[in-house]
Amino acid sequence: MKNEENKTNKYVPKINYDETPNCEHDIESDIVVGNSPCPCCEFITIPNNGDALAYICPVCFWEIDLFIQSNVEASDQNHGLTLTEARKNYQSFGAVLPMLKKSCRQPKEYEYPTK
Ligand SMILES: [Zn+2]
């Protein structure tokens, strides 16, 4: 099936991957298989039963912050975003912040949450 149309989704900024040589190395060559859901996007991307301080979810780019006590507490690791804000952002444009969208990757099949 040809899906050229989907590549130009108007909600997603156009990304030139040639201009981001660093992120490819960081993400593709360093895949960690998670066993816990990301608190932001809920895909199973977080290793170590969620006890992964400073681990950045590759799907939404939320950085695990074990110090925040609630969803409305600003996270220093995440540019002062709260988890509630980050979730809203992920749902509207696919990353916790627009500038991080280019570093995010699609969730893998095995990372989909099972309910
Ligand atoms: Zn995530």
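Residues numbered from 1 in each chain as written. Predicted model: local features only at pLDDT ≥ 70, side-chain atom pairs only at ≥ 80, totals over all residues.

Caption draft 1: Focus on the overall build of the protein chain. When its secondary structure is counted, the protein chain shows 2 helices and 2 strands. Scanning the protein chain from its N terminus toward the C terminus, one meets helices and strands in the order α-β-β-α. Burial analysis of the protein chain (115 residues in total) assigns 26% to the buried set. (Helix = DSSP H or I, 4+ residues; strand = E, 2+ residues; numbered from the N terminus. Buried ≥ 20, exposed ≤ 12 C-beta atoms within 10 Å, placed from the backbone.)

Caption draft 2: Fine view of unusual backbone geometry. For asparagine 49, which is not glycine, the phi dihedral falls at a positive 55°. Relative to the helices and strands, asparagine 49 resides in the loop between β2 (44-46) and α2 (83-93). In this structure, phenylalanine 61 is a non-glycine residue whose phi angle is positive, near 75°. Of the residues examined, phenylalanine 61 has 25 C-beta atoms within 10 Å and is grouped as buried.

Caption draft 3: Representation of α2. Of the residues making up α2, those classed as buried are Leu83, Ala86, Arg87, Asn89 and Tyr90. Projected onto a plane normal to the axis of α2, the buried residues spread over an arc of 160° and lie on a single side. More than 90 degrees from the buried face of α2, the exposed residues found are Gln91 and Ser92. Downstream of α2 by a residue or two, glycine 94 has a phi angle that is positive, lying close to 90°. (Arc of directions from axis to C-beta.)

Caption draft 4: Spatial organisation of the nonpolar core. If you look at the biggest cluster of nonpolar residues, it comprises 21 residues, and the most contacted ones within it are Cys40, Cys57, Cys60 and Val96. A per-element tally of this core places α2 first, with 3 residues. With residues up to four places along the chain from it excluded, the contact list for valine 96 reads Cys40, Cys60, Phe61, Trp62, Asn78, Leu81, Ala86, Asn89 and Tyr90. (Core = buried A, V, L, I, M, F, W, Y, C linked by C-beta atoms within 7 Å. Contact = placed C-beta atoms within 7 Å.)

Caption draft 5: Just the environment of serine 36, in detail. With respect to the helices, strands and loops of the structure, serine 36 is situated in strand β1 (residues 36-37). Serine 36 sits in the partly exposed class, given 15 other C-beta atoms within 10 Å. Separated by 14 residues in sequence, serine 36 and glycine 50 place their C-alpha atoms 5.4 Å apart. Residues in contact with serine 36, not counting those within four places in the same chain, are Ile44, Ile46, Asn49 and Gly50.

Caption draft 6: Geometry of the environment of asparagine 49. The class of asparagine 49 is exposed, set by 9 C-beta atoms lying within 10 Å. What asparagine 49 contacts, discounting residues up to four positions off in sequence, is Asn35 and Ser36.

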